[in-house]
Amino acid sequence: MMSAAQKKRKISTPHGAIAVCIAFLSLLIFAFHSFLHPADPSFRPVPADTAPRPNARILLVPLDGRPPCRQFVINAGKIAGYDIIVPPTELQDYYSQPGDTKNMQDWLKQEIHGSRAVILSIDQMLFGGLLAAREKDASPDSIRELLLFLRQLHTEHPDVPIYAFSILPRLTPQDTIDGYEERKDLIKYSRLVGRQAAGLSVDEEEIESLAARIPANSMEKYLSHFSDSEKLNEQLAMLAADGVFRRLILGQDDGEAYSIPNIEKRRLKAFLQEHGISEQQVFLAHGADEIALTLLAEIKCRETGFTPQVHVEYNDSKTADNIMPYMAIATGAMVEEKLRMLGADTADAPDTADFTFFVSTNDYEQDTLKSRALSVQRLEALAIGGYPTAIVDLSQHFTSDETLLPLLIWKDVPLNAFIAYAGWNTASNAIGMGLNLPIRRIIFMETEKYDGVERRELKPEEIQQIAGRAGRYGMYDRGYVGATQNLSLISAALQTVVPPLEHAVVGFSELVLSVDFDLLEVLEVWSRMPTVEPYLKLDI
């Protein structure tokens, strides 16, 4: 238990933000923004000139329209006392449909006046979103136009800091390189060249053989994607050096320990060092989806002068050295990176920390599952002791048997005692967000959605699907549903009888393409596989 002095210290942190979200790779990104307001007389408020104004506006140009890139930031902004203003949905990307980059610039110029800050995705501004950036090539003219626009925006609004981020290309070849064998060869080539560049022993004849087998146009397209990205990000880094950006984050998407993307990243690091550009100006990071949320956390910490003190614990002695799927560095290095990115300091114990960051990365092949029971005991002790704790709960093989959450629920540990829970499929993306936690009440804050063509009201079946999450079976006798607007629509939809589905389509998984068989043979086997009602097989 905490002593009275320790408790007094914990509520004396600057007005406002006990970190609520962390996502790190091996999971963690974090967003320090939910500020508690205890009534204890020892509470020390932030001076009025640094406290955020009510409903301060922050503009967000998101990486894409997915919830972690857009809606999570909006929700976190409400916790932190900000109105996060986002572009109209018709300007943003929609799945594979790119956003409207020209009108996005016009929207930004119109909305920036009176804003506290701008969080800006270069991929959205230049390509129309993350998926478009993975496929499209930006012309030199479009790049020059964007760079000029950003300089002018800063010149016209020098008091509005711009926090920008750009995502480096991933290892996987562009979808427009669609040959099955050449995609496999390119991935293998990239890994071997990455190992060679890192000074490791490789079969050089195999590299030469792969290079000769890959069609020249596919090889050129693949390699130019990285070289073009490198040139773009060097120019963006110079904008940061010139003060156009308050900070620029260069994120590595879906990384591996050895690959061509790592070569690009090392060159960018050398470029930054050569030009004397500090980490406070340009930060090279791992991850993509969580970066806007991290920048929001940084803005909050800057405004309050708050330096989070974080105590890190791992579930097993091997955890810090684990390299999780889609990651280029070990879990411990990722945790250190995310803390450094936010400007947080590490604390030796929960008593001296603003919160404890508990990281679990179980792997049955490494025989770490036995650590789960001890981890649950430790987390329960932290909760009972009143120590704010955020949990990162990762699985090497994407299975619940390797995670802590089922045991926490089974042991009836009070999950709402923890300040954050993150358990995404990729560690760097996991955003302190409880997945599949017990939910008693669902509140509809919107009753419309953009379906790729227009903004329309939710259909009865969509409302029923969302509302059905309230009152998890076996945990609550009943669930509750409410709305902040258009309650009559919600009520009517819940009483509507929706006809049952008659068929379900079984798709052809891309994972099948990774098996080491001839593609035609794989497709023939798929075509012969029988299906039973109500399932229909996707016709390929």
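This one's a predicted model, so the numbers in the text were calculated from it and none came from an experiment.

Draft legend 1. How the structure looks around the overall build of the protein chain. Along its length, the protein chain carries 17 helices and 19 strands. For the protein chain, the accessible surface area stands at approximately 26400 Å², while carbon and sulfur atoms represent 53% of it.

Draft legend 2. Spotlight on the packing of helix α7 (residues 180-197) against helix α9 (residues 216-241). Running from N to C, α7 and α9 cross one another at 50°; their axes reach a closest spacing of 11 Å. Comparing the axis directions of α7 and α9 gives the class oblique. Note on packing geometry: the crossing formed by α7 with α9 is right-handed. Taken together, the residues of α9 that come into contact with α7 (itself represented by E182, L186, Y189 and S190) are S218, M219 and Y222. Taken together, the residues that form the contact of α7 with α9 break down as four nonpolar, two polar and one charged.

Draft legend 3. Molecular detail of the layout of surface pockets. Approximately 470 Å³ is the volume attributed to the second largest pocket. What lines the second largest pocket is a set of 21 residues, and nearest its centre among them are K265, K269, L284, H286 and R340. Those elements that provide at least two residues to the lining of the second largest pocket are α10 (260-274), β8 (282-286) and α12 (331-342). Tallying contributions element by element places α10 first for the lining of the second largest pocket, with six residues. When the residues that make up the lining of the second largest pocket are grouped by side-chain class, the tally is nine nonpolar, five polar and seven charged.

Draft legend 4. Broad picture of the pairing of strand β3 (residues 56-61). Judged by how many residues are buried, β3 sits mostly within the fold: five of six residues are covered. Two strands pair when backbone bridges link them, and β3 and strand β4 (residues 82-85) are joined in this way by four bridges, in the parallel orientation. Bridging from a neighbouring strand, I58 pairs with I84 of β4. The β-α-β motif built from β3, the intervening helix α2 (residues 71-80) and the parallel element β4 has right-handed crossover chirality.

Draft legend 5. Layout of the packing of aromatic side chains. The tally for this structure, following the rule as stated, stands at one aromatic pair. Taking NZ or CZ as reference, R195 lies 5.0 Å from the ring centre of Y258, over its face. Just above the ring of Y82 sits the side chain of K300; from NZ or CZ to the centre is 5.1 Å.

Draft legend 6. Just the pairing of strand β5 (residues 117-121), in detail. Within β5, five of the five residues are buried, which leaves the element mostly enclosed by the surrounding structure. Burial of the side chains of β5 extends over both faces: A117, I119 and S121 are buried on one face and V118 and L120 on the other. Note that β3 and β5 share four bridges and pair parallel. Each residue of the ladder has a partner; that of V61, found in β5, is L120.

Draft legend 7. View of the pattern of salt bridges. According to the stated counting rule, one finds 24 salt bridges in the structure shown. The salt bridge partner of R57 is E111, with a shortest N-O separation of 3.2 Å. On the criterion of sequence distance, the pair formed by R57 in strand β3 and E111 in helix α3 (residues 101-111) is long-range, its members being 54 residues apart. Its relative accessible area of 24% is what places R57 among the partly exposed residues. Across the pair K109 and D106 runs a salt bridge, and its minimum N-O distance is 3.9 Å. Note that K109 and D106 are positioned in helix α3 at a spacing of three residues, about one turn of the helix. Residue class for K109 comes out partly exposed when judged on its relative accessible area of 45%. Taking the relative accessible area as the measure of exposure, D106 reaches 23% and is therefore partly exposed.

Draft legend 8. Quick peek at helix α11 (residues 291-304). Compared with an ideal rise of 1.5 Å per residue, which puts 14 residues at 20 Å, α11 spans 20 Å between its outermost C-alpha atoms and is within 8% of the ideal. Judged by how many residues are buried, α11 sits mostly within the fold: 13 of 14 residues are covered.

Draft legend 9. Fine view of the side chain of D393. For D393, the position within the fold is in strand β12 (residues 389-395). Buried and without a salt bridge, D393 has R372 as its closest oppositely charged side chain, separated by 7.7 Å. At 2.9 Å, the side chain of D393 and the backbone nitrogen of L404 are in polar contact. Reaching out from D393, the side chain makes a polar contact with the backbone nitrogen of L405 at a distance of 3.0 Å.

Draft legend 10. Main features of the side chain of D93. Relative to the assigned elements, D93 resides in the loop between β4 and α3. Among the polar contacts made by the side chain of D93, one reaches the main-chain amide nitrogen of G65 at a distance of 3.5 Å. Of note is the side chain of D93, whose polar atom sits 2.9 Å from the side chain of Q124. When sequence neighbours within four positions are dropped, the list of residues in contact with D93 reads L63, D64, G65, P98, G99, Q124, G128 and G129.

Draft legend 11. Looking closely at the confidence of the model for the protein chain. For the protein chain, per-residue confidence averages 82 on the pLDDT scale, and 82% of positions sit at 70 or higher. With pLDDT under 50 throughout, residues 1-53 is counted as low confidence; its partners more than four residues away or in other chains account for 198 contacts. Below pLDDT 50 for its whole length, residues 426-438 participates in 72 contacts with residues either more than four positions away or in separate chains.

Draft legend 12. Region of the structure containing the sheet that holds strand β11 (residues 355-362). Overall, parallel pairing links the five strands, which are arranged β10-β9-β11-β12-β13 in an open sheet. In this open sheet, the two edge strands, each paired with only one partner strand, are β10 (345-346) and β13 (420-422). On top of the sheet, α12 reaches β9 (309-314), β10 and β11; it is set at about 170° to β9, its chief contact. The strands touched by helix α13 (residues 371-384) are β9, β11 and β12; relative to β11, the strand with the most contacts, the crossing angle is about 165°.

Draft legend 13. Fine view of the nonpolar core. Within the largest apolar cluster, 40 residues are counted, with the highest numbers of intra-cluster contacts made by L108, L120, L150 and F245. By residue number, the principal contributor to this core is helix α6 (residues 140-156), which donates six residues. Sequence-distant contacts of L120, defined by excluding residues within four places in its chain, comprise V61, L108, M125, L150, I162, Y163, A164 and F165. If you look at the next biggest cluster of nonpolar residues, it comprises 29 residues, including A56, L60, A117 and L296.

Calculation rules
Residues numbered from 1 in each chain as written. Predicted model: local features only at pLDDT ≥ 70, side-chain atom pairs only at ≥ 80, totals over all residues. Heavy atoms only, no water. Helix = DSSP H or I, 4+ residues; strand = E, 2+ residues; numbered from the N terminus. Areas by Shrake-Rupley, 256 points an atom, 1.4 Å probe, with all protein chains shown as cover. Axes fitted to C-alpha atoms, helices over the stretch in contact; angles between N-to-C directions. Parallel < 35°, antiparallel > 145°, perpendicular 65-115°, else oblique. Left-handed = near helix turned anticlockwise from the far one by under 90°. Contact = heavy atoms within 4.5 Å. Nonpolar A, V, L, I, M, F, W, Y, C, P; charged D, E, K, R; others polar. 1 Å grid on protein atoms, 1.4 Å probe; cavity = no way out; pocket = protein on both sides within 12 Å on 5 of 7 lines; lining within 4 Å. Points joined across faces, edges and corners; volume = space filled by probe spheres on them. Buried < 20%, exposed > 50% of the residue type's maximum accessible area, 1.4 Å probe, protein only. Pairing = 2+ DSSP bridges. Right-handed = clockwise from strand over helix to strand, strands pointing away. Phe/Tyr/Trp six-rings, centres within 6.5 Å; stacked < 30°, edge-to-face > 60°. Lys NZ or Arg CZ within 6 Å of the ring centre and 35° of its normal. Salt bridge = Lys/Arg side-chain N within 4 Å of Asp/Glu carboxyl O. Expected span 1.5 Å × (residues − 1). Lys, Arg positive; Asp, Glu negative; His and termini not counted. Polar contact = N/O pair within 3.5 Å; in protein donor to acceptor, adjacent residues only side chain to side chain. pLDDT = per-residue confidence, 0-100. Core = buried A, V, L, I, M, F, W, Y, C linked by side-chain atoms within 4.5 Å.

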